Amino acid sequence: MGKIKKIAINTGGGDAPGLNAVIRAVVVSALNRGIECFGIRDGYNGLMKPEDYPEGGLILLTRAAVRGITHLGGTILGTTNKGNPAKYPTMGPDGKMYEKDRTGELVECFRKNKIDALVAVGGDGSLGIANILSEKGLPTIGVPKTIDNDLDKTVVTFGFDTAVSFATECLDRLHSTADAHRRVMVVEVMGRYAGWIALNAGVSGNADAILIPEIPYDINKVAAALRERPKRGKHYAIVVVAEGAKPLGGGLSVVSKELGRAEKLGGAGERLAKELEPLVGKECRTVVLGHLLRGGSPTTFDRLISLRFGAAAVRALEEGQSGVMVALDPPTVRYVPLKEATSRMKIVPLDCDTIATARDLGISFGD
Ligand code: F6P
């Protein structure tokens, strides 16, 4: 790899608190090495569909452009979880839509714009694309983002701590209203096919039951656990359910599935509340935290790891690395092959001590 003069950064998939901190760290670290930095709008759209951006699909990122953004939620570059370039929705000659691999074209766009390297900030989907780009010759470093914490080979992704902290605060608030009305509050949280957010927030926020994708639940066991509560003087209950939780022998609660994007999950909470109500004999109400978990300022923990990840990505490029993801490995960061990080999802291990802790505290998993 020759000397890097110009790099690009993009943010892909669902946003997560800390994206702007990563962007600032990449830009300042690059500029301090005499490297010019551009931001690609909305994943890869700014490069692949420049006609949609009259103001430019590539933004020159100066120091001024990234000043004062470390603590801001969202992403100044925009993001998208539609139009995966490896599975781009395209109309065939028969008028039907199919998925087309456009990653070769995308690498060409980088060459045309004289971009020497890419810092791709994303979750498993976006980093899978980043891996393809690096295999096709574009020097690429990945930065692990997702509130779901389901990326392998890193102790944690940025955004997760903020999501769990907010979910816990919501659970704290729900205890008093649930108590006042002697209700069961079912709280649905994001996390896709992993139960990290539900588990960590549920234990921290004193839930009575936590239902996660890793442990299919038996509705009768959940109800039986909740019926025990009044015997111990507690006349309300808090149930945390991951959006990807499934009843024993049942399926995921899917809202929709479109070409070029991951299936949309939702409704696990409502389904559970409906089934629980007659079994528990109490009013069961649902709160869906959903996108609230993705908003707001990153916690100090997320800000710090985002800044560390961004700076480490530029150091990796300077060292001539490519096809790797920055990973948190306390007390330091290290680099792991993108291929390894994206080849399997990191789900909650059933033998982890957080699950043991929950069980010790009398929290039901419905199993
Ligand atoms: O991956 C992050 C995440 O927030 C998941 O927890 C959730 O299933 C998904 O994105 C929702 O994405 P959106 O609603 O933006 O399509």
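Residues numbered from 1 in each chain as written. Predicted model: local features only at pLDDT ≥ 70, side-chain atom pairs only at ≥ 80, totals over all residues. Heavy atoms only, no water.

Q: Would you explain the sheet that holds strand E15 (residues 332-337) in this entry?
A: The strands that make up a sheet pair up through hydrogen bonds in the backbone, lying either parallel or antiparallel. The sheet built from 7 strands is open, its strands ordered E3-E2-E1-E6-E7-E14-E15 with mixed pairing. The outermost strands of the open sheet, each flanked by one partner alone, are strand E3 (58-60) and E15. Looking at each pair of strands side by side, their axes are set apart by 30 degrees on average, direction ignored. Bridge analysis of strand E7 (residues 140-144) against strand E14 (residues 324-329) gives 2 bridges, and the strand direction is parallel. Residue pairing across strands places glycine 142 opposite methionine 325, the latter belonging to E14. Of the strands in this sheet, strand E1 (6-11), strand E2 (36-40), strand E6 (117-122) and E7 are in contact with helix H1 (residues 19-31), which crosses E1 at around 175 degrees. Across the face of the sheet, helix H4 (residues 124-135) comes into contact with E6, E7 and E14 while running at roughly 170 degrees to E7. (Pairing = 2+ DSSP bridges. Helix = DSSP H or I, 4+ residues; strand = E, 2+ residues; numbered from the N terminus. Axes fitted to C-alpha atoms, helices over the stretch in contact; angles between N-to-C directions. Contact = heavy atoms within 4.5 Å.)

Q: Is there a simple way to think about the site of the ligand in this case?
A: As a matter of local geometry, the ligand sits amid Asn81, Ile147, Asp148, Met190, Gly191, Arg192, Glu243, Arg261, His291 and Arg294. At 3.1 Å, a backbone N or O of glycine 191 approaches an oxygen atom of the ligand. Contacts to the ligand include glutamate 243, whose side-chain N or O atom sits 2.6 Å from an oxygen atom. Relative to its unbound accessible area of 400 Å², the ligand is 82% covered by the protein chains. The residue inventory of the shell around the ligand, partitioned by class, reads 2 nonpolar, 3 polar and 5 charged. Residue contributions to the shell around the ligand reach at least three from each of two domains, namely domain 1 (6-158 + 296-341) and domain 2 (163-294 + 349-360). (Near = heavy atom within 4 Å. Polar contact = N/O pair within 3.5 Å; in protein donor to acceptor, adjacent residues only side chain to side chain. Areas by Shrake-Rupley, 256 points an atom, 1.4 Å probe, with all protein chains shown as cover. Nonpolar A, V, L, I, M, F, W, Y, C, P; charged D, E, K, R; others polar. Domains from an automatic or database assignment.)

Q: What is the right way to look at the domain arrangement of the protein in this model?
A: The parts lose accessible area when they come together, and the size of an interface is often stated as this lost area. Per the domain assignment, the segments making up the protein are domain 1 (6-158 + 296-341) and domain 2 (163-294 + 349-360). The gap between the C-alpha centroids of domain 1 and domain 2 is 32 Å. Together, the buried faces of domain 1 and domain 2 total about 1300 Å²; carbon and sulfur atoms form 54% of this surface. Where domain 1 touches domain 2, the interface holds 1 salt bridge. Residue aspartate 15 pairs with arginine 294 through a salt bridge whose shortest N-O separation is 2.8 Å. For the pair domain 1 and domain 2, the interface holds 2 residue pairs in polar contact (both at pLDDT 80 or more). (Buried area = accessible area lost by both parts, 1.4 Å probe. Salt bridge = Lys/Arg side-chain N within 4 Å of Asp/Glu carboxyl O.)

Q: Would you mind showing me how to read helix H8 (residues 268-280) here?
A: An α-helix turns once per 3.6 residues; consequently, residues spaced three or four apart project the same way. With 13 residues, H8 should reach 18 Å at 1.5 Å per residue; the first-to-last C-alpha distance of 18 Å fits that figure. Every buried residue of H8 is listed here: Ala268, Gly269, Leu272, Ala273, Leu276 and Val280. On its buried side, H8 packs onto strand E8 (184-189), strand E9 (209-211), helix H7 (219-228), strand E10 (237-242) and strand E13 (284-288). Just downstream of H8 lies glycine 281, where phi reads positive at about 75 degrees. (Expected span 1.5 Å × (residues − 1). Buried < 20%, exposed > 50% of the residue type's maximum accessible area, 1.4 Å probe, protein only.)

Q: In this structure, what is going on with the side chain of glutamate 263? I would like to understand it.
A: Among the structural elements, glutamate 263 can be located in the loop between strand E11 (254-256) and strand E12 (264-265). Salt bridges are absent for the buried glutamate 263, whose nearest opposite-charge side chain, arginine 192, sits at 5.3 Å. At 2.7 Å, the side chain of glutamate 263 and the side chain of tyrosine 193 are in polar contact. When sequence neighbours within four positions are dropped, the list of residues in contact with glutamate 263 reads Arg192, Tyr193, Leu252, Val254, Ser256 and Lys257. (Lys, Arg positive; Asp, Glu negative; His and termini not counted.)

Q: What should I look at first to understand the state of the cysteines in this one?
A: Here is the idea: a disulfide is a covalent bond, and it sits between the sulfur atoms of two cysteines. A full pass over the atoms with the stated rule returns 0 disulfides. There is no disulfide at cysteine 37, and the cysteine sulfur nearest it, in cysteine 109, is 18 Å away. (Disulfide = S-S within 2.5 Å.)

Q: Help me understand the environment of threonine 79 in this model?
A: Relative to the helices and strands, threonine 79 resides in the loop between E3 and strand E4 (88-91). With residues up to four places along the chain from it excluded, the contact list for threonine 79 reads Thr11, Gly12, Gly13, Asp15, Asp42 and Gly43. Side-chain polar atoms of threonine 79 contact the backbone oxygen of threonine 11, separated by 3.1 Å. A distance of 2.7 Å separates the side chain of threonine 79 from the backbone oxygen of glycine 13, its partner in a polar contact.

Q: For this particular structure, what's the right way to read the packing of H7 against H8?
A: Packed helices, taken two at a time, are described by the angle their axes make and the gap between the axes. The interhelical angle for the contact between H7 and H8, taken along N-to-C directions, is 55 degrees, at an axis separation of 9 Å. Between H7 and H8, the angle falls in the class oblique. As H7 packs across H8, the resulting crossing turns out to be right-handed. Here Ile219, Asn220, Val222, Ala223, Leu226 and Arg227 of H7 come into contact with H8, specifically with Leu272, Glu275, Leu276, Leu279 and Val280. Grouping the constituent residues of the contact of H7 with H8 by class yields 8 nonpolar, 1 polar and 2 charged. (Parallel < 35°, antiparallel > 145°, perpendicular 65-115°, else oblique. Left-handed = near helix turned anticlockwise from the far one by under 90°.)

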